[in-house]
Amino acid sequence: MNLNITNTPDSDEEEFVIASLWKHNEQYEAVDISPLFLNFKDDENNIIAGLISRTWWGALEVQYLWVSEKYRKSGLGRQLMQAAEKEALKRGCHLAYVDTFGFQAKGFYEKLGYKEYGNLPGYAHKHTRHYLAKSIR
């Protein structure tokens, strides 16, 4: 038996671990993980805002939300979140969740109706990670 540690994992090995966990989880509930990617592009076809998420087990998991500096405060982030929640409802989801740092977008998510259910201080010895969720049904 050998322990391997790397900064550059082999994608096939990562997929094996993920697939093995999902196979284990299938004993308890069908694994229905589906990616959900949304973005806005400018007239030159450059992405100016994007949301990376997935839906599974009745939930929308927002993983990454980014809006270009030039377009912040324009409503694009809100539109992306609302569109993701709408699509999640079509997929049978009833809740959505996200995490963010205090210096990022906690207030933004709270304005969208998300409520903090936990936090974890100590990132970089000074930042707090906030976990938020809401019912979308």
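Remember, predicted model here, so these are calculated numbers, not experimental data.

**Q** Break down the environment of V98 for me, citing the residues and quoting the values.
**A** If you trace the backbone, V98 turns up in strand β4 (residues 95-101). Relative accessible area serves as the criterion here: at 3%, V98 is assigned to the buried category. Distance in space between the C-alpha atoms of V98 and A133 is 6.4 Å, their sequence separation being 35 residues. Ignoring anything within four residues of it in the chain, the contact list for V98 reads V62, Y109, Y114, H130, Y131 and L132.

**Q** Tell me about helix α2 (residues 76-90), and please be specific about residues and values.
**A** With 15 residues, α2 should reach 21 Å at 1.5 Å per residue; the first-to-last C-alpha distance of 21 Å fits that figure. If you check which residues of α2 are buried, you get L76, G77, L80, M81, A84, E85 and A88. Looking at the buried residues of α2, the elements they touch are β1 (34-41), β2 (47-56), β3 (59-67), α3 (106-111) and β6 (127-135). With its phi angle positive at about 90 degrees, G92 sits one or two positions after the end of α2.

**Q** Requested: an account of unusual backbone geometry, with residues and values cited.
**A** The phi angle of most residues is negative, glycine excepted, and most peptide bonds adopt the trans form. Unusually for a residue other than glycine, N45 sits at a positive phi of about 70 degrees. Take N45: it is sitting in the loop between β1 and β2.

**Q** Describe a nonpolar patch on the surface, and please don't skip the residues or the numbers.
**A** Taken together, the side chains of F37, I47, I52, Y64 and W66 present a nonpolar region at the surface, about 550 Å² in accessible area. Breaking the nonpolar patch down by element, the ones donating at least two residues are β2 and β3. Looking at the element boundaries, W66 is found in strand β3. Judged by its relative accessible area of 44%, W66 falls in the partly exposed class.

Quick notes on the rules
Residues numbered from 1 in each chain as written. Predicted model: local features only at pLDDT ≥ 70, side-chain atom pairs only at ≥ 80, totals over all residues. Heavy atoms only, no water. Helix = DSSP H or I, 4+ residues; strand = E, 2+ residues; numbered from the N terminus. Buried < 20%, exposed > 50% of the residue type's maximum accessible area, 1.4 Å probe, protein only. Contact = heavy atoms within 4.5 Å. Expected span 1.5 Å × (residues − 1). Patch = residues over 30% accessible without salt bridge, like charges linked within 9 Å, V, L, I, M, F, W, Y side chains within 5 Å. Areas by Shrake-Rupley, 256 points an atom, 1.4 Å probe, with all protein chains shown as cover. Salt bridge = Lys/Arg side-chain N within 4 Å of Asp/Glu carboxyl O.

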